[in-house]
Amino acid sequence: MMRIGVLALQGDVREHSRMLAEAGVEPVSVKWPRELAALAGLIIPGGESTTIGKLLRRFDLLAPLQQAVREGFPVYGTCAGMILLADRVEGAGVDQPTIGGMDLTVRRNAFGRQRESFEADLDMPAVGDRPLPAVFIRAPLIEEVGPEVEVLARLPDGRVVAARQANLLVTSFHPELTNDARLHGYFAAMCAAARDPAAV
Ligand code: GLN
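Now for a look at the structure at hand. (Residues numbered from 1 in each chain as written. Predicted model: local features only at pLDDT ≥ 70, side-chain atom pairs only at ≥ 80, totals over all residues. Heavy atoms only, no water.)

Some remarks on the pairing of strand β2 (residues 26-30)
Where we set the bar: Strand pairing is assigned whenever DSSP identifies at least 2 bridges connecting the two strands. Secondary structure elements follow DSSP: runs of H or I of four or more residues count as helices, runs of E of two or more count as strands, with numbering from the N terminus. Looking down the strands as they point away from you, a crossover is right-handed if its path from the first strand over the helix to the second goes clockwise.
The pairing of strand β1 (residues 3-7) with β2 spans five bridges and is parallel. The residue of β2 that forms the bridge with Arg-3 is Glu-26. Taking the sense of rotation as the criterion, the β-α-β connection linking β1, helix α1 (residues 13-22) and β2 turns out right-handed.

Some details on the nonpolar core
Most often, soluble globular proteins keep nonpolar side chains buried together rather than apart. What counts here: Residue types Ala, Val, Leu, Ile, Met, Phe, Trp, Tyr and Cys, when buried and joined through side-chain atoms within 4.5 Å, form a set referred to as a nonpolar core. Relative accessibility thresholds used throughout: buried, under 20% of the residue-type maximum; exposed, over 50%; partly exposed, between the two (1.4 Å probe, protein chains only). Contact criterion: two residues are considered in contact whenever any of their non-hydrogen atoms come within 4.5 Å of each other.
Membership of the largest hydrophobic core comes to 35 residues, with the highest contact counts inside it found for Leu-56 and Ile-99. Taken together, the elements giving at least two residues each to this core come down to β2, β3 (41-44), α2 (49-58), α3 (62-70), α4 (80-85), β6 (102-107), β11 (160-165) and β12 (168-171). With five residues, the top contributor of residues to this core is α4. The contact partners of Ile-99, leaving out residues within four places of it in the chain, are Ile-44, Leu-56, Leu-62, Leu-65, Gln-66, Val-69, Leu-84 and Leu-85.

Side note on the site of the ligand
Put simply, the test is: Note on definitions. A residue lies near a molecule or strand when any single heavy atom of the residue is within 4 Å of it. Here a polar contact is recorded for every N or O atom pair within 3.5 Å, except that within protein the pair must consist of a potential hydrogen donor and a potential acceptor, and residues adjacent in sequence are included only if both atoms are side-chain atoms. A 1.4 Å probe and the Shrake-Rupley method give the accessible areas. Residues count as covered only by the protein chains that appear here.
Residues in contact with the ligand, as listed here, are Gly-46, Gly-47, Glu-48, Ser-49, Cys-79, Ala-80, Ile-83, Arg-108, Asn-109, Ile-137, Arg-138 and His-174. In this structure, an oxygen atom belonging to the ligand sits 2.6 Å away from a main-chain N or O atom of Ser-49. Here a nitrogen atom of the ligand sits 3.0 Å away from a polar atom, N or O, in the main chain of Ile-137. Relative to its unbound accessible area of 300 Å², the ligand is 94% covered by the protein chains.

So, the side chain of His-174
With respect to the helices, strands and loops of the structure, His-174 is situated in the loop between β12 and α5 (182-195). The exposure class of His-174 is buried, given its relative accessible area of 6%. Polar contacts involving the side chain of His-174 include one to the side chain of Glu-176, which spans 2.8 Å. Residues in contact with His-174, not counting those within four places in the same chain, are Asp-12, Gly-46, Cys-79, Val-135 and Ile-137.

Okay, here's the thing in structure tokens:
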């Protein structure tokens, strides 16, 4: 069975693991660089992006992940995880280490106080016709996408909340807090394709 890691420094590790299992993948909690080698891909959960960035550095995961991303290792960042994969961050902390790799500008805490948390059903053809339930919690927003980035979902007002660039997938929202595992299935398919391009 294909194994996909969930970065276990902060955030919804258990919920992502449950979703991966539902998508037919073996979930593995990851804390150390040596654990990356056996994996087909990695999920970076939400949480607080400055804290996760600092923990990545402290656990010696930052440079190995930057290199893995450059070499085509599939990574899916949700919420704070999306901030970590963006090349440009608006509202970044003074010392906010990021992995980067995706040609995006994201804005932290973009929805303001009134709408710190909300739910929405998104049109997302990449995962099927049925609307995808999405939970937003102090969510970042994708403000600009580069030419290589494919927009996968928008809010009804047009703002971009899910995108993909080659081996990298990001969502502003938390799919792991719903009962819909289709996005985890989509990421699992990305991981399978990255491993064995001929098979897809
Ligand atoms: N607001 C957080 C940040 O900027 C992200 C919130 C989340 O991951 N739910 O890091």
